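Here is what each chain is made of, one letter per residue.
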Amino acid sequence: MMEWARDSLKRLEDSREARRNAVHEELSQEEVDRLLQEHHPDHSGKGRSIAVGANANATAFPIELADLLESKSRLPDDYVPAADIETDVLIIGGGGAACSAALALNESGLKTLLCAKLRLGDSNTVMAEGGIQAALGPEDSAQRHFADSLVGGHGKNDPQLLKRLCEQGPEGIRWLTELGCLFDVTEEGMFRLRLGGGASVPRVLACRDYTGLEIMRTLKDATRLTTTEIMEDCPALELLDDGAGQVSGATIWNRQKNCLQSVSARAVLLATGGAGQLRFQQFGTSNHVGATGDGLVLAYRQGCHLEHGGSFQYHPSGSCYPEAMSGRLVTEAIRSVGAQVVNNEGHCFINELTYRDVLAAAIIREVREGRGIQTPAGSCGVWLDTPLIDIKHGAGTLQKQFPGIVHRFAPFGIDPSQTPILIYPTLHYQNGGVRVDEWCRTEINGLWAAGEVTGGLHGTNRLMGNSLLDIITFGRRAGESIKAQLPERKAATRSAADRFQRDLQKLSESSVQGPQLFPVEMNMNATPGQ
Ligand code: MEZ
């Protein structure tokens, strides 16, 4: 197996004994800054600003996102919204944040409609493998969680949002557990906590290496038992507003009936997730097919700022061999348990649990400077020395703790407990997004946002496990806030979106239609009604 890499694998094996307990010297701040500037994709200089909207001329967005923010509406010019459906609350999205909000709204007496672009649960939530953070350990506290996340986010996190996240972590886990979510426990029956990258104490709870899938199972089942009306295959194409600055619904494309429907709502929650499928700079992605940045486009047309809109997370351990697995996530937890990151010279060039952006930049540097391992198909990456896990913790550990990884590599004849995995950074997470306050209110009346579509909480680099906690904490807070502050029903028109289009047209005519809805290669973007 991997005959083409025989010499490189030999160097890796020969260096194992010497490096397995080696302690890394931490990089100085100056070295970190230089590494990020020179090698992190956010600093490649390949982004561009746009001339219209709340971030006009202020943010360098990745090109693919900039094109979508300037895109033409998918609604036909002559489409006039009518209230085809009336609800109190419209939740746009079908993942963890959407379901958490629906559960918080249950039994409020409010009519809640959840429109999922695909099926309920199809989202980045299910793609999260390694775990969820919460300050539950004996040495831990909300303050410590806060400090770790703030340093990880380069101090750019919104402190109010981060405070809520860290304070509510333990309560979020209690809530999930009561709903039936199964986290791994130790022999003493306590939650098993792992150390995540950039954390000062173990704080990550997991369900093997399919934590997000388990959380989504729990939330989905619970949501189906509520009075929430669920419409699947219904992407939102445009938000509606009353012409006086209040969002008042959305136009959706009912793909089962193949028609447009307008929803009049007193409150709209955007929980549309991330943008990894836009594949900036042609990176692979660990994201779900639905992650096409739709919520960013819809909110931006209404006048929302995108906080840290040019900041994205490239997960250091995306798979880069075999080709069919390109970009797929190899969880950080595997590094937490002992797998080291090693170059073609057999050298472990960095602390494998340093901050994700730093590690990703270091891997890119190794490859650019010729110390990567080239695959027969022309990709290049570095080794993740996974056999070290069983060497350190005993035979069978990797299979027991990471059955998902073992299962996914098996069809290619790769057993990660015996053979290292080749990795390269993969587009994983949208650090930035729609600006919100601690109650998930956007700057626009009637519009709330929660989860990956929002920006500010994580600064410009998120810690492992804080996104699953984000969707639980802020999904629920959004539901609570909507209950407490539900606006009166208003007319649902296309005013803000039309005004945005007119402003755009004064500058240039875009040939791109947005939101994108599906990855380009799926070729599913037929016009509604055709
Ligand atoms: O929070 C994440 O991004 C996560 C848990 C990823 C992983 O490596 O498993």
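Each chain has its residues counted from 1, following the order in which its sequence is written. Where totals are concerned, whole chains, interfaces and linings use all residues; where local detail is concerned, this predicted model gives features only for residues with pLDDT of at least 70, and gives and counts side-chain atom pairs only at 80 or more. Computation of side-chain values: all heavy atoms of the structure, hydrogens and water removed.

What follows is about the overall build of the chain. Starting at the N terminus, helices and strands are each numbered in turn, a helix being any DSSP run of H or I of at least four residues and a strand any DSSP run of E of at least two. For the chain, the helix and strand inventory stands at 15 helices and 19 strands. Throughout, the radius of gyration refers to the C-alpha atoms, and the reference size of a globule is 2.2 Å times the residue count to the power 0.38. Its C-alpha radius of gyration of 23 Å places the chain within 12% of the 24 Å reference for a compact globule of 530 residues. Projected onto its principal axes, the C-alpha positions of the chain cover 70 × 55 × 45 Å. Each residue gets one of three labels from its accessible area relative to the maximum for its type: buried under 20%, exposed over 50%, partly exposed in between, using a 1.4 Å probe on protein chains only. Classification of the 530 residues of the chain by burial places 61% in the buried group. Considering only intrachain contacts with a sequence separation of at least 6, the fraction spanning at least 24 residues in the chain is 75%. Here the chain contributes 52 positive and 65 negative side-chain charges, whose respective centroids are spaced 2 Å apart. Here, two residues are considered to be in contact whenever any of their heavy atoms come within 4.5 Å of each other. Only four residue types enter the charge count: Lys and Arg as positive, Asp and Glu as negative, with His and the chain ends excluded. By convention, the charge on Lys lies at NZ, on Arg at CZ, on Asp at CG and on Glu at CD.

This part takes up a nonpolar patch on the surface. Each patch is built from residues that are more than 30% exposed by relative accessible area and take part in no salt bridge. Like charges join if they lie within 9 Å; nonpolar side chains (Val, Leu, Ile, Met, Phe, Trp, Tyr) join within 5 Å. Computed with a 1.4 Å probe, the accessible areas rest on the Shrake-Rupley method; for each residue, only the protein chains presented here act as cover. The working definition used for a salt bridge is a side-chain nitrogen of Lys or Arg within 4 Å of a carboxyl oxygen of Asp or Glu. Taken together, the side chains of L136, V185 and F191 present a nonpolar region at the surface, about 230 Å² in accessible area. Topologically, V185 is positioned in the loop between helix 6 (159-179) and strand 5 (204-205).

So, on to the site of the ligand. In the region of the ligand, 13 residues are neighbours, and G130, H315, T331, E332 and H428 sit closest. In this structure, an oxygen atom belonging to the ligand sits 2.7 Å away from a main-chain N or O atom of G130. In isolation the ligand has 270 Å² of accessible area, and contact with the protein removes 99% of it. Three categories are distinguished: nonpolar for Ala, Val, Leu, Ile, Met, Phe, Trp, Tyr, Cys and Pro, charged for Asp, Glu, Lys and Arg, and polar for the others, with Gly belonging to the last. Residue classes in the shell around the ligand are distributed as two nonpolar, seven polar and four charged. We call a residue near a molecule or strand as soon as one heavy atom of that residue lies within 4 Å of the molecule or strand. Here a polar contact means two N or O atoms within 3.5 Å. Within protein one must be a hydrogen donor candidate and the other an acceptor candidate, and residues neighboring in sequence count only if both atoms are side-chain atoms.

One pass over the full model with this rule turns up 39 salt bridges. Here R441 and D437 are joined by a salt bridge, their closest N and O atoms 2.7 Å apart. Looking at D437, the relative accessible area reads 25%, which means it is partly exposed. Several salt bridges converge on common partners, so that one network encompasses E86, D88, R266, E488 and R489.

Cis rather than trans, the peptide bond between Y321 and P322 has omega equal to -5°. Relative to the elements of secondary structure, P322 occurs in the loop between strand 11 (312-319) and helix 9 (333-336). With an omega dihedral of 0°, the bond running from G514 to P515 counts as a cis peptide bond. By the secondary structure assignment, P515 is in the segment after strand 19 (513-514). The backbone of Q281 sits at a positive phi, close to 50°, despite the residue not being glycine. Here Q281 shows up in the loop between strand 9 (259-270) and helix 8 (294-302). Q281 sits in the partly exposed class, given a relative accessible area of 29%.

A few words on the side chain of S149. Note that S149 resides in helix 5 (residues 142-152). Within the local environment of S149, its side chain forms a polar contact with the side chain of N466, the two groups lying 3.0 Å apart.

Next up on the list: the sheet that holds strand 18 (residues 454-455). The pairing criterion for strands is at least two bridges between them, as found by DSSP. Reading across from one edge, 10-16-18 is the order of the three strands in this open sheet, with mixed pairing throughout. Strand pairing shows two members of the sheet lacking a second neighbour, strand 10 (306-307) and strand 18, which therefore form its edges. Bridge count for strand 16 (residues 433-435) against strand 18 is two bridges, and the pairing is parallel. Each bridged residue has a counterpart across the sheet, and for R435 the counterpart in strand 18 is G455. Between N-to-C directions, angles span 0 to 180 degrees; the directions come from axes that are lines fitted to C-alpha atoms, helices contributing only their stretch in contact. Packed onto the sheet, helix 8 meets strand 10 and strand 16 and runs at close to 35° relative to strand 16.

A cluster of acidic residues, E25, E30, E31 and D33, forms a negative patch at the surface. Mapping D33 onto the fold places it in helix 2 (residues 29-39). Residue classification places D33 among the partly exposed positions, given a relative accessible area of 38%.

The criterion is simple. A nonpolar core is a set of buried Ala, Val, Leu, Ile, Met, Phe, Trp, Tyr and Cys residues joined through side-chain atoms within 4.5 Å. Among the nonpolar cores identified, the biggest contains 92 residues, and L90, I91, I132, L176, I215, L219 and L447 are the most heavily contacted of them. Sequence-distant contacts of I91, defined by excluding residues within four places in its chain, comprise A98, A101, A102, L105, T112, L113, L114, C115 and L269. Grouped together as the second largest cluster of nonpolar side chains are 40 residues, M2, C320, V337 and W383 included.

This paragraph deals with the pairing of strand 11. Summarising burial for strand 11: eight of the eight residues are buried, a large majority. Judged from the six bridges that link them, strand 11 and strand 15 (residues 421-430) form a sheet pairing that is antiparallel. Counterpart to H315 in the pairing with strand 15 is T426.

It is worth spelling out the pairing of strand 9 at this point. The element strand 9 is largely enclosed, with a buried count of 11 among its 12 residues. Note that strand 2 (residues 85-92) and strand 9 share seven bridges and pair parallel. Within strand 9, the position partnered with E86 by the bridge is S264. Inspection of the sheet shows strand 8 (residues 247-254) paired to strand 9 by six bridges, in the antiparallel sense.

Interaxial distance between helix 8 and helix 15 (residues 495-507) falls to 7 Å at its minimum, and their mutual angle equals 90°. In terms of orientation, helix 8 and helix 15 fall into the roughly perpendicular class. In this structure, helix 8 uses Y300, R301 and Q302 to contact helix 15, whose residues at the interface are A496, A497, F500 and Q501. Split by residue class, the contact of helix 8 with helix 15 holds four nonpolar, two polar and one charged. In these notes the angle categories are as follows: under 35 degrees is roughly parallel, over 145 is roughly antiparallel, 65 to 115 is roughly perpendicular, and the rest is oblique.

A separate point is helix 1 (residues 6-19). Owing to its 3.6 residues per turn, the α-helix aligns residues three or four sequence positions apart on the same side. A helix is expected to reach a length of 1.5 Å times the quantity of its residues less one. End to end, helix 1 covers 20 Å across 14 residues, agreeing with the expected 20 Å (1.5 Å per residue, within 8%). Those residues of helix 1 that sit buried are S8, L9, L12, S15, R16 and R19. In this structure, the buried side of helix 1 is in contact with strand 12 (340-342), strand 13 (373-374), strand 14 (380-385) and helix 11 (387-393).

Before going further, it helps to spend a moment on the confidence of the model for the chain. Residue-level pLDDT values for the chain average 96, and 98% of them are 70 or greater. Within the chain, the element-level pLDDT minimum falls on helix 15, averaging 95, and the maximum on strand 17 (residues 447-449), averaging 99. What pLDDT expresses is the predictor's confidence in each residue, scored from 0 to 100.

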